[in-house]
Amino acid sequence: MYHNAKELLALIGDSGKSIADIVIENEMELSEMSREAVMEQLQYRYDIMYKACHDGLEKEVISISGLTGGTGKQMWDFIQTGKGLQDMTTQKGIAYALSCSEVNASMGLIVAAPTAGACGILPGTLIAVAEKLESSQEDILLALAAAAGVGQIITKNATVSGAEGGCQAECGAAASMAAAAITQLCGGTPAQCFEAAAIAMKNVMGLVCDPVAGLVEMPCTKRNASGVTNAILCCDLAMAGITSHIPFDEVVDAMFRVGKALPSTLRETALGGIAVTPTGLALKEKIFGTGGCGGNCSACGGCQ
Amino acid sequence: MNISMFDILGPVMIGPSSSHTAGAQRIGKAMYMISGKEEISSVKFYLHGSFSHTLSGHGTDRALVAGLMGMDASDERIRNSLEIAKERGIQVSFEPQDLGDVHPNTVKIIAVTKSGKEYSMIGSSVGGGEVEIVEINGTKAKSSGKYPTIIVTHIDRLGVISKISSILAHHEVNIVTMSNSREKKGSTAITMIEADHSIPAEVKEQLEELDYIKNVVIIEKFA
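Residues numbered from 1 in each chain as written. Chains lettered and ligands numbered in written order. Predicted model: local features only at pLDDT ≥ 70, side-chain atom pairs only at ≥ 80, totals over all residues. Heavy atoms only, no water.

### A word on the overall build of chain A
Scanning chain A from N- to C-terminus turns up 13 helices and one strand. For chain A, whose C-alpha radius of gyration is 19 Å, the value lies close to the compact-globule estimate of 19 Å for 304 residues. Once the C-alpha set of chain A is aligned to its principal axes, its extents read approximately 65 × 45 × 40 Å. Here chain A, with 304 residues, has 58% of them falling under the buried criterion. (Helix = DSSP H or I, 4+ residues; strand = E, 2+ residues; numbered from the N terminus. Rg over C-alpha atoms; globule rule 2.2 N^0.38 Å. Buried < 20%, exposed > 50% of the residue type's maximum accessible area, 1.4 Å probe, protein only.)

### Here's the deal with the state of the cysteines
Disulfide: a covalent bond connecting the sulfur atoms of a pair of cysteines. Residue and element names in this part refer to chain A. Tallying each qualifying case throughout the model produces zero disulfides over all chains. Of all cysteine sulfurs in the structure, the one in Cys 119 sits closest to Cys 100, which takes part in no disulfide; the separation is 3.8 Å. Overall, the relative accessible area of 2% leaves Cys 100 in the buried class. Cys 167 provides the cysteine sulfur closest to Cys 171, a residue in no disulfide bond, and the two sulfurs are 3.7 Å apart. Using a relative accessible area of 7% as the deciding quantity, one classes Cys 171 as buried. (Disulfide = S-S within 2.5 Å.)

### Details of helix α3 (residues 35–58) of chain A
Under the 1.5 Å per step criterion, the end-to-end length of α3(A) is 36 Å for 24 residues, consistent within 8% with the ideal 34 Å. Taken together, the buried positions of α3(A) are Val38(A), Met39(A), Leu42(A), Arg45(A), Tyr46(A), Ile48(A), Met49(A), Ala52(A), Cys53(A), Gly56(A) and Leu57(A). (Expected span 1.5 Å × (residues − 1).)

### Quick notes on the packing of helix α6 (residues 121–133) of chain A against helix α11 (residues 220–239) of chain A
All names here are of chain A. One way to put it is that α6 packs onto α11 with a least axis distance of 8 Å and a crossing angle of 50°. Considering the angle they form, α6 stands oblique to α11. Along this stretch, α6 crosses α11, giving a crossing that reads as right-handed. Of the residues in α11, those in contact with Ile 121, Thr 125 and Val 129 of α6 are Arg 223, Asn 224, Gly 227, Val 228, Ala 231 and Ile 232. Among the residues forming the contact of α6 with α11, the class breakdown is five nonpolar, three polar and one charged. (Axes fitted to C-alpha atoms, helices over the stretch in contact; angles between N-to-C directions. Parallel < 35°, antiparallel > 145°, perpendicular 65-115°, else oblique. Left-handed = near helix turned anticlockwise from the far one by under 90°. Contact = heavy atoms within 4.5 Å. Nonpolar A, V, L, I, M, F, W, Y, C, P; charged D, E, K, R; others polar.)

### Structural notes on the pattern of salt bridges
Residue and element names in this part refer to chain B. According to the stated counting rule, one finds 18 salt bridges over all chains in the structure shown. Between Glu 220 and Lys 37 there is a salt bridge; the shortest N-O distance is 3.0 Å. Here Lys 37 lies in the loop between α2 (18–34) and β2 (40–49) and Glu 220 lies in the segment after β11 (213–219), a separation of 183 residues in the sequence. Since its relative accessible area comes to 41%, Glu 220 is described here as partly exposed. Here Lys 114 ties to Glu 39 by a salt bridge, and the two come within 3.3 Å at their closest N and O atoms. In this pair, Lys 114 sits in the loop between β4 (105–113) and β5 (118–127) while Glu 39 sits in the loop between α2 and β2, placing the two residues 75 residues apart along the sequence. Via salt bridges that share partners, Asp 7, Arg 26, Glu 130 and Lys 146 belong to a single interconnected network. (Salt bridge = Lys/Arg side-chain N within 4 Å of Asp/Glu carboxyl O.)

### A word on the packing of helix α7 (residues 137–157) of chain A against helix α12 (residues 248–261) of chain A
All names here are of chain A. Packing of α7 against α12 brings their axes to within 9 Å, and their N-to-C directions diverge by 45°. By the angle between their directions, the pair α7 and α12 is classed as oblique. Along this stretch, α7 crosses α12, giving a crossing that reads as right-handed. Of α12, the residues touching α7 (which contributes Val 150, Ile 153, Ile 154 and Asn 157) are Phe 248, Asp 249, Val 252, Asp 253, Met 255 and Phe 256. Its residues assigned to classes, the contact of α7 with α12 comprises seven nonpolar, one polar and two charged.

### Notes on the confidence of the model for chain B
Residues of chain B with pLDDT of at least 70 account for 100%, and the chain-wide mean is 92. Overall fold confidence for the complex sits at a pTM of 0.89, while the interface term, ipTM, reaches 0.94. (pLDDT = per-residue confidence, 0-100.)

### A few points about the interface of chain A and chain B
Each partner contributes to the interface: chain A provides 48 residues, whereas chain B provides 31 residues. For the pair chain A and chain B, the two sides together bury roughly 3,200 Å², of which 66% comes from carbon and sulfur. If you sort the residues of chain A by the area they bury against chain B, Arg45(A), Met107(A) and Leu109(A) come out on top, with a joint share of 21%. Run the count over chain A and chain B and you get zero salt bridges. Applying the counting criterion to the chain A and chain B interface returns 15 residue pairs in polar contact (both at pLDDT 80 or more). (Buried area = accessible area lost by both parts, 1.4 Å probe. Polar contact = N/O pair within 3.5 Å; in protein donor to acceptor, adjacent residues only side chain to side chain.)

### Looking at the environment of Leu9(A)
All names here are of chain A. Within the element layout of this structure, Leu 9 appears in helix α1 (residues 5–12). A relative accessible area of 29% means that Leu 9 is categorised as partly exposed. Along the backbone, Leu 9 and Val 103 are 94 residues apart, and their C-alpha atoms lie at a distance of 36 Å. Those residues within four positions of Leu 9 in sequence are excluded, and the remaining contacts are Pro 190, Ala 191 and Phe 194.

### Section: the sheet that holds β11(B)
Pairing between sheet strands relies on hydrogen bonds along the backbone, with the strands arranged either parallel or antiparallel. Residue and element names in this part refer to chain B. Spatial strand order, β9-β10-β8-β11: four strands in an open sheet with antiparallel pairing. At either end of the open sheet lies a strand with only one pairing partner, and these are β9 (175–182) and β11. Direction aside, the axes of adjacent strands within the sheet are offset by 15° on average. Across six bridges, the pairing between strand β8 (residues 149–155) and β11 is antiparallel. (Pairing = 2+ DSSP bridges.)

Printed below as a string of structure tokens:
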């Protein structure tokens, strides 16, 4: 077992193993599963991720509130025009993440990674990068395992809950996981994977969770898109040999402290940030009327 | 603390929120287990904090009812669970209520089965789809649903816990966690045990034959 990146890297030592190897060995022991069974579970989850990343490309997927949706298709259509500025891998990753996030908001089937609100970042990034690299299915699943290892460490030492740590804990964690996954897929060393993960988390340190009307829609969908770009950027930095300077474990500790320092208005309560802008409040009223709660209290700030 | 990689890459779930949708489904499922999977005739949900604020917006209502009918987090019927409950003749109602010093995402459920038995529980969704059942039939409890659980309501008397554990050992049920609480000395007490493997029905029968034991509930793993 490992509690942090330092311990995981020590377990790897000079064995030539990957992060995924250690994470899978740990899972085999913890869940009393064979390696084949672990890989089957990963494949099952990957298939659901893949479908969610594609269902919103050709057709508009609309959220259950009816207020958002269709951005996966908009981005996919835009990619076909060839006018996008980012490279094709990043653009496709963004479209996949938007699709996955919209499938989630429409009460579709997704895999929380690590949460439902951030569910588009890891699969969107991974699928797009694997397409560019023409990776084998085995390598894609091993990249997922590496991502899970990073997520385990964040969960053990900090939090992946927006209510506890803000969006940095959800979309930040997802981008860290995705950055490590694709760095492993690109042939980076385990140390480089953690450099990429550390930088990705640092890039969104302090990011608040301020969902309009408290729903996993605005700004969540677009933060999923942003997480893809963050992950790919950090993979490139790590593969260039650039390091974080601040080690991953210390970045995770810092993220947790920052999360605790955030006022509760900026931790998933919909009482701060864009949720209480005039437009955010108007959208809330459109969904719930003058307060889904009855409308006569000051409990949530929505009726101010 | 060792965490499964499938808790990180998971749950596999119907969106949109791991805490408000998947967590709500698990709490509903806990009631399905506590009521012995009997058919329900009516159910009332008392929603606390954030659960009441964004009820339908996160499908919390549908997820709770789906869980109550035994559906899993990945069951696509969650979307239509309110209609399905209506077809099955289950009366469902939702009400906001301040449940006091509990987690922001908490619900109290009171369910009546078709045979007329009433069950109550309070459960919290604590993040990422993880849940904690904090009260069952009016007595304090603590269950995450990750292990098969046995809840024994008994009189606080010397040796009762030792009898419970020896019956479990006789059926080769290994204890993972164990907790005991009582209202006051010599009054009603509750012992909750989480086990490695599923707990056979004979355990319940044998325990209920013992003195001082009032009630035994076995809950299968629901998370």
